[in-house]
Amino acid sequence: MRTVAEFEAAARQRLDPVHYDYFAGGAQDEITVRDNEEAFKRLRLLPRVLRGSDKRDLSIRLLGTPSSMPILLAPTAFHRLAHADGELATARAAARAGTIMIVSMAATTAIEDIAAAAREVVPDPGLWFQLYLQPDLEFTEAIVRRAEAAGVKAFVVTVDSPVLGRRERDDRNDFHDLPPGLAVENLRNLGENRSGGNASHVREIVMSAGLNWDHIGWLRAKTKLPVLVKGVLHPEDARLAVHHGVAGIVVSNHGGRQLDTVPATIDVLPEIAAAVGGAIPVLLDGGIRRGTDVVKALALGADAVGVGRPVVWGLAAAGREGVTQVLNLLRDDFDQALAMCGGRHPADLTPDQVRR
């Protein structure tokens, strides 16, 4: 398979249709889901020529974590719905690729096991942990300590989910819980047990509209690891993030799964980058399917991009090898596009190389 679209087609053939809809779907009319990809297609690249470099270095370093390329694995839930090996396969593929995997709090495999799988490949894998701050802060701290003990290198706090988005595909399919035998393993046996003494209790993730910047300050005080916020679309929120001392921003609309009709992430990226002014790293996810998409995002101000659904399609199509193939495909595609644009390193790309 030579494109992400081909991996998606293969994944669709292998997945339960209800589970395919869960991964592929978004909020309401899925306008933002489609626009995330279409917005990249509307942009045009303006290459530079005769730059005199026949070797490229794709590697970057983000908040102390090295990566072989500026393409990270965005956090996605429930990998064991896609393949029996789930997050273990994904972690091994990410480690093999030498890139950062942002592990979802809603993983169907415990963070300790994910870290152990990655360490089978490399001794010090780049693992970050995506976190939904819970109203029960004692419980949240227990999750933080568990992730720290597993060896994660940063926390990525999702801030675009005060309530759960209305995902009408899931409503039609009556898909609102994991099937028997699967659970959100990072929430097993943590915090106060309110289930009547069950020794294997799994708490549920709670969305809270009451969360605010003070909670980000609370987390920063509880950990020495970098704290990023994921789900920023408004430039004023980007300024506030810098003001409140976060280590980085992820420009994200949750893959179009939360509030429909919000802009595509690439369309708001330039304003976010300008608001941050280089003070902290800016990452972007949503709609990355080609190496040219990566080039456009980096040129317009992102330090790196995250891919979510493409990883799931690779996992569903062929397990660890499928994820490896997707990451290699995107790496090679980006490397070629970078060369065609006259760049040797991701930092060589500049805003004047993108036209609307």
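Scroll up to find the structure this text is about.
Model, not experiment: these values are computed from the prediction.

Enquirer: Could you give me a rundown of the overall build of the protein chain, with the residues and numbers involved?
Expert: A count of helices and strands for the protein chain gives 12 helices and 12 strands. A compact globule built from 356 residues should have a C-alpha radius of gyration of about 21 Å, and the protein chain, at 19 Å, falls within 12% of that. Seen through its principal axes, the protein chain has C-alpha atoms that stretch 70 × 45 × 45 Å. Per-residue burial over the protein chain gives 57% buried out of 356 residues. In the protein chain, 76% of the contacts between residues at least 6 apart in sequence involve partners at least 24 apart. Accessible surface for the protein chain amounts to roughly 15,200 Å². Of this, 49% is attributable to carbon and sulfur atoms.

Enquirer: Account for the environment of Asp352, with residues named and values stated.
Expert: Looking at the element boundaries, Asp352 is found in the loop between α12 (309–340) and β12 (354–355). Separated by 52 residues in the primary sequence, Asp352 and Leu300 have C-alpha atoms spaced 8.5 Å apart. Here Thr350 takes part through its side chain, which lies 2.6 Å from a polar atom of the side chain of Asp352.

Enquirer: I'd like a description of the nonpolar core, backed by residues and values.
Expert: If you look at the biggest cluster of nonpolar residues, it comprises 104 residues, and the most contacted ones within it are Phe129, Ile249, Ile266, Leu284 and Trp313. The biggest single contributor to this core is α12, with 14 residues. The next biggest cluster of nonpolar side chains, apart from the first, holds 12 residues, and it includes Ile60, Ile100, Ala154 and Val250.

Enquirer: How would you sum up the pairing of strand β11 (residues 304–307)? Please name residues and give values.
Expert: A two-sided burial pattern is seen for β11, the buried positions comprising Ala304 and Gly306 on one face and Val305 and Val307 on the other. The pairing of strand β4 (residues 71–73) with β11 spans 3 bridges and is classified as parallel. If you follow Ile71 over to β11, its bridge partner there is Val305. When strand β10 (residues 282–285) meets β11, the two strands line up parallel, connected through 3 bridges. The partner of Leu283 across the bridge, within β11, is Ala304.

Enquirer: Please provide a residue-by-residue account of helix α11 (residues 291–299), values included.
Expert: When you tally the buried positions in α11, you get 8 out of 9 residues, the bulk of the element. All of the buried residues in α11 are Gly291, Asp293, Val294, Val295, Lys296, Ala297, Leu298 and Ala299. Phi for Gly301, located one or two positions after α11, is positive at around 125 degrees.

Enquirer: Explain the side chain of Asp260 to me, and be specific about the residues and the numbers.
Expert: Along the chain, Asp260 falls in the loop between β9 (248–251) and α10 (265–276). Among buried charged residues, Asp260 stands out as having no salt bridge; its nearest opposite-charge side chain is Arg34, 6.3 Å away. In contact with Asp260, other than residues within four places in its own chain, are Ala27, Gln28, Asp29, Glu30, Ile31 and Thr32.

Thresholds, definitions, all that
Residues numbered from 1 in each chain as written. Predicted model: local features only at pLDDT ≥ 70, side-chain atom pairs only at ≥ 80, totals over all residues. Heavy atoms only, no water. Helix = DSSP H or I, 4+ residues; strand = E, 2+ residues; numbered from the N terminus. Rg over C-alpha atoms; globule rule 2.2 N^0.38 Å. Buried < 20%, exposed > 50% of the residue type's maximum accessible area, 1.4 Å probe, protein only. Contact = heavy atoms within 4.5 Å. Areas by Shrake-Rupley, 256 points an atom, 1.4 Å probe, with all protein chains shown as cover. Polar contact = N/O pair within 3.5 Å; in protein donor to acceptor, adjacent residues only side chain to side chain. Core = buried A, V, L, I, M, F, W, Y, C linked by side-chain atoms within 4.5 Å. Pairing = 2+ DSSP bridges. Lys, Arg positive; Asp, Glu negative; His and termini not counted. Salt bridge = Lys/Arg side-chain N within 4 Å of Asp/Glu carboxyl O.

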